[in-house]
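Topology and contacts: notes
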Amino acid sequence: MKKNELFRKLPGVDRIFNIIMKKQKYKDIPRKIITDCIRETIDTYRNKILIAGDNGFSVEENIIVLDVERLITKKWSNSFKRVINATGTVLHTNLGRAPLSAEIKERFWDVVSNYSNLEIDLTTGTRGSRYSHVESLLCDLTGAEAALVVNNNAGAVLLVLSALASGREVIISRGQLVEIGGSFRIPEVMAQSGARLVEVGTTNRTHLKDYENFINENTGALLKVHTSNYKICGFTKVVESRELVSLGKKYKIPVIEDLGSGSMIDFSKYGLTKEPTVIESVKAGVDVVTFSGDKLLGGPQAGIVLGKKEYIEVIKKHPLNRALRIDKMTLAALEFTLRLYLDENKAVEKIPVLKMLTAPLSKLEEKAKLLFKELEIFTPLHAKIEIVSEFSMVGGGAYPVEKLPTKAVILKPIKFTVTELDQMLRELDIPIITRISDDCMVFDVRTMNINDFSKIRTSLEKIFFRKS
Ligand SMILES: *Cc1c(COP(=O)(O)O)cnc(C)c1O
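Report on the accompanying structure. (Residues numbered from 1 in each chain as written. Predicted model: local features only at pLDDT ≥ 70, side-chain atom pairs only at ≥ 80, totals over all residues. Heavy atoms only, no water.)

This part covers the overall build of the protein. Within the protein, the secondary structure is distributed over 19 helices and 15 strands. C-alpha atoms of the protein, sized along the principal axes, occupy 85 × 50 × 50 Å. Taken across its 468 residues, the protein has 49% of its residues classed as buried. Put simply, of all contacts in the protein between residues at least 6 apart along the chain, 75% involve residues at least 24 apart. Each charge sign in the protein was given a centre, from 69 positive and 58 negative side chains, and these centres are 3 Å apart. (Helix = DSSP H or I, 4+ residues; strand = E, 2+ residues; numbered from the N terminus. Buried < 20%, exposed > 50% of the residue type's maximum accessible area, 1.4 Å probe, protein only. Contact = heavy atoms within 4.5 Å. Lys, Arg positive; Asp, Glu negative; His and termini not counted. Charge placed at Lys NZ, Arg CZ, Asp CG, Glu CD.)

The next thing to look at is the pattern of salt bridges. Taken as a whole, this structure holds 31 salt bridges when the rule is applied. Among the salt bridges present, the one from R435 reaches D444, with a minimum N-O distance of 4.0 Å. Taken together, the salt bridges that share partners define one network made up of R82, D452 and K455. (Salt bridge = Lys/Arg side-chain N within 4 Å of Asp/Glu carboxyl O.)

Looking now at the site of the ligand. Inspection of the region around the ligand gives 13 residues, with A154, S228, D258, S292 and K295 positioned closest. A distance of 2.5 Å is found between an oxygen atom of the ligand and a side-chain nitrogen or oxygen belonging to S228. One of the side-chain N or O atoms of K295 is found 2.8 Å from an oxygen atom in the ligand. Contact with the protein chains covers 95% of the free accessible surface of the ligand, which is 380 Å². Put simply, the parts of the chain that give the shell around the ligand at least two residues each are α7 (153-165) and β8 (255-260). (Near = heavy atom within 4 Å. Polar contact = N/O pair within 3.5 Å; in protein donor to acceptor, adjacent residues only side chain to side chain. Areas by Shrake-Rupley, 256 points an atom, 1.4 Å probe, with all protein chains shown as cover.)

Okay, the sheet that holds strand β15 (residues 440-444) next. One open sheet holds the four strands; their spatial order is β11-β12-β15-β14, and the pairing between them is antiparallel. Each edge of the open sheet carries a strand with a single partner, namely β11 (383-392) and β14 (435-437). Within the sheet, the average angular offset between the axes of one strand and its neighbour, ignoring direction, is 35°. Set on the sheet, helix α17 (residues 361-375) makes contact with β11, β12 (404-413) and β15; between it and β12 the angle comes to about 10°. (Pairing = 2+ DSSP bridges. Axes fitted to C-alpha atoms, helices over the stretch in contact; angles between N-to-C directions.)

Two faces make up the sheet, and in a regular strand the side chains alternate between them. With eight of 10 residues buried, β12 lies mostly within the body of the structure. In this sheet, β12 lies alongside β11 in antiparallel orientation, the contact comprising 10 bridges. If you follow K384 over to β12, its bridge partner there is K412. With four bridges joining them, β12 and β15 adopt antiparallel strand pairing. Looking at β15, one finds that V409 is bridged to F443.

This paragraph deals with the nonpolar core. With 92 residues, the main nonpolar core has L306 and I315 as its most contacted residues. The leading source of residues in this core is α7, at nine residues. Three or more residues apiece are contributed to this core by two domains, here domain 2 (84-93 + 358-467) and domain 3 (102-350). Those residues in contact with L306 that lie beyond four places of it in its chain are L138, T142, A144, A146, A147, V278, V282, D287, V288, V289, F291 and I312. Among the nonpolar cores identified, the runner-up in size contains 26 residues, and A383, I385, F416 and F453 belong to it. (Core = buried A, V, L, I, M, F, W, Y, C linked by side-chain atoms within 4.5 Å. Domains from an automatic or database assignment.)

Below, the discussion takes up the sheet that holds strand β3 (residues 169-173). Spatially, β2-β10-β9-β8-β7-β3-β6 is the arrangement adopted by the seven strands of the open sheet, whose pairing is mixed. Among the strands making up the open sheet, the edge pair consists of β2 (146-150) and β6 (196-200). This sheet shows a mean twist of 20° between the axes of neighbouring strands, independent of strand direction. As paired elements, β3 and β6 share five bridges and run parallel to each other. If you follow E169 over to β6, its bridge partner there is R196. This element, helix α6 (residues 132-142), spans β2 and β10 (303-307) of the sheet and lies at about 120° to β2.

Read these as geometric descriptors, not functional statements.
Structure representation (structure tokens):
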């Protein structure tokens, strides 16, 4: 067909609009969105005709209508939505790190959908502090003297360095100059804070005397940073917090520790490698400890700062603290998550991150069998499916080399490539994010919710059986 004829065949906006508006499901969508989508679709067709020229391109009204409907759905539905994490990576930064506990849902909604006592002291009726809602809880849980919370841990580190060491030198081991994903780099944060970085020791070995040799009247702090997302193995030496603390005491210099993940429980009890806990750092006498709210703690994005009262008071008064202020929704989610830690058994049961990390292999196996049962209907015509032993990752810059034995269902589609199916799964109403390995899609059940299994089957039915 000739170009001109194709152009003439393109329907008008009004015509498509009338067809679309006959469908009940578009009644509540603003008309402007609908006409914009129609215009955009017709424009796309116009460009396609221009590019394709006179050959082999057809214009069919019903296909155009379908394209418009697809565009309306895309524009009208939320961009930010839940996904199913089938990757097995528990703290997946791209997937929102820690999912919050359902246990806090009611209390959370009650506080944030009403007025609250965010900054009023209900006993005296005078202005209160937003930190009061978590400070004593954090102190009870960790043994610290004082605490505050800010937007995230990157902010916490910047704030602490700015408040305690701006214009002075901060000594850190060369093995701890970390970069966390998303451009958090210790040397750059340090520069931003106005403190001067003094790196000591070597990449693999740093001794106490390395720190001591560089202490002078201009030293503002000794900094220890958890090498969250990498591990130095072999011939290594790290100075323990306890030793740094005694050095700091000798010269009256504060010791700051950025724990990164900062776990409240000892994961070695549950079969993972021993990692330093927040409680241990406080006990060792570290003056200021910082860590994230949404890593191993399993709460919302936040930066938690705790330690000696004399330093926390100075940090609270720094102007950056106001700029990094935690918001009330985060504060509510954080308080209720922390409350679950008052009973460790409850925490492990109710906080999703802890539950997923400590799930016994037998439970994972049962789960994999349930998923397999749902997906079995697709064999052998549409996919090859089996249960395999795999490994999950902790993620979120914690336990970088730990491989957690898990069970997964692997699926190899027959009529599509794995890449094609992966794309289709990502474009579902509830997207499913899997891991691809050896030309199979891996559904690691560790990070999946049993309640989603039937949804996954329905979604795959639509794809494989082409139902809509
Ligand atoms: C993750 C991490 C940070 C950054 O924490 P956010 O909460 O992501 O801002 C800082 N330091 C270390 C050691 C970390 O692991």
